[in-house]
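As a plain string of letters, each chain reads:
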Amino acid sequence: MLQVKNTVTSLGLTVSGSTADFTEILQAINTVAGPAGKRSCMAAAHVRVSNFCSQLQSALTASDCSFNVLWPEAVFIVGALSGFIKFES
């Protein structure tokens, strides 16, 4: 199960979980975001979501399977993914 907790300084979040959890969320995010260039009006958001996916991928190769993300970035990623979903409906 993925765990998302405040960092010690409360400036961001620590995302941790198993390799299977990270793989599953990575696949889900890539499915929602779609390929680069699919939605030209959301290109900048796609770049930020892709960077978040890169952090997930790096955490998969790390021994502790966790990474930190700042609160503003986390909120932006959630909003961008919500926008991708709205474009598909």
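Anything mentioned here points back to the structure above.
Residues numbered from 1 in each chain as written. Predicted model: local features only at pLDDT ≥ 70, side-chain atom pairs only at ≥ 80, totals over all residues. Heavy atoms only, no water.

Undergrad: How should empty space enclosed by the protein be read in this particular structure?
TA: Empty space among the atoms becomes visible once a probe the size of a water molecule is rolled across them. With the rule as written, the count across this model stands at one cavity of 30 Å³ or more. Size it by volume and the largest cavity reaches roughly 30 Å³. Taken together, Ala33, Pro35, Gly37, Lys38, Arg39, Met42, Ala43, His46 and Phe84 make up the full set of residues lining the largest cavity. Grouping the amino acids of the lining of the largest cavity by side-chain chemistry returns five nonpolar, two polar and two charged. (1 Å grid on protein atoms, 1.4 Å probe; cavity = no way out; pocket = protein on both sides within 12 Å on 5 of 7 lines; lining within 4 Å. Points joined across faces, edges and corners; volume = space filled by probe spheres on them. Nonpolar A, V, L, I, M, F, W, Y, C, P; charged D, E, K, R; others polar.)

Undergrad: What am I meant to see in the layout of surface pockets here?
TA: Considering only enclosed or pocket space, the largest pocket measures out at about 250 Å³ in volume. Taken together, 15 residues make up the lining of the largest pocket; nearest its centre are Val4, Val15, Phe52, Ile77 and Val78. For the lining of the largest pocket, the secondary-structure elements that each account for two or more residues are β2 (12–16), α1 (19–33), α2 (43–61) and α3 (71–88). A total of six residues in the lining of the largest pocket trace back to one element, the largest contributor, which is α3. In terms of residue class, the lining of the largest pocket is built from 15 nonpolar, no polar and no charged. (Helix = DSSP H or I, 4+ residues; strand = E, 2+ residues; numbered from the N terminus.)

Undergrad: It is not clear to me how the pattern of salt bridges should be interpreted in this structure. Could you clarify?
TA: Once their charged atoms are close, side chains differing in charge can pair, the charge on each being opposite to the other. Under the definition given, this model contains one salt bridge. The salt bridge involving Glu73 is made with Arg48; its shortest N-O contact spans 2.6 Å. Taken together, the positions of Glu73 in helix α3 and Arg48 in helix α2 put the pair 25 residues apart, joining distant regions of the chain. A residue is classified by how much of its surface remains accessible, and Glu73, at 21% relative accessible area, is partly exposed. (Salt bridge = Lys/Arg side-chain N within 4 Å of Asp/Glu carboxyl O. Buried < 20%, exposed > 50% of the residue type's maximum accessible area, 1.4 Å probe, protein only.)

Undergrad: Hey, could you run me through the packing of aromatic side chains in this one?
TA: The geometry of an aromatic ring pair is captured by the separation of the ring centres together with the interplanar angle, meaning the angle of the planes. Scanning the model with the defined rule gives two aromatic pairs in all. With a centroid separation of 6.0 Å and 85 degrees between ring planes, the pair formed by Phe22 and Phe67 is classed as edge-to-face. Remark: Phe67 occurs in strand β3 (residues 66–70) and Phe22 occurs in helix α1; sequence separation between them is 45 residues. For the pair formed by Phe22 and Phe67, the shared burial category is buried. (Phe/Tyr/Trp six-rings, centres within 6.5 Å; stacked < 30°, edge-to-face > 60°.)

Undergrad: Would you take a moment to explain the packing of α1 against α2 for this structure?
TA: Packed helices, taken two at a time, are described by their axes: the angle between them and the distance between them. For the pair α1 and α2, interaxial distance at closest approach is 10 Å and the crossing angle is 165 degrees. Taken together, the axes of α1 and α2 lie roughly antiparallel to each other. Judged by the sense of rotation from one axis to the other, the crossing of α1 with α2 is left-handed. Between α1 and α2, the contacting residues are Thr19, Phe22, Thr23, Ile25, Leu26, Ile29, Asn30 and Ala33 on the first element and His46, Val49, Phe52, Cys53, Leu56, Gln57, Ala59 and Leu60 on the second. Of the residues assigned to the contact of α1 with α2, the class counts are 11 nonpolar, five polar and no charged. (Axes fitted to C-alpha atoms, helices over the stretch in contact; angles between N-to-C directions. Parallel < 35°, antiparallel > 145°, perpendicular 65-115°, else oblique. Left-handed = near helix turned anticlockwise from the far one by under 90°. Contact = heavy atoms within 4.5 Å.)

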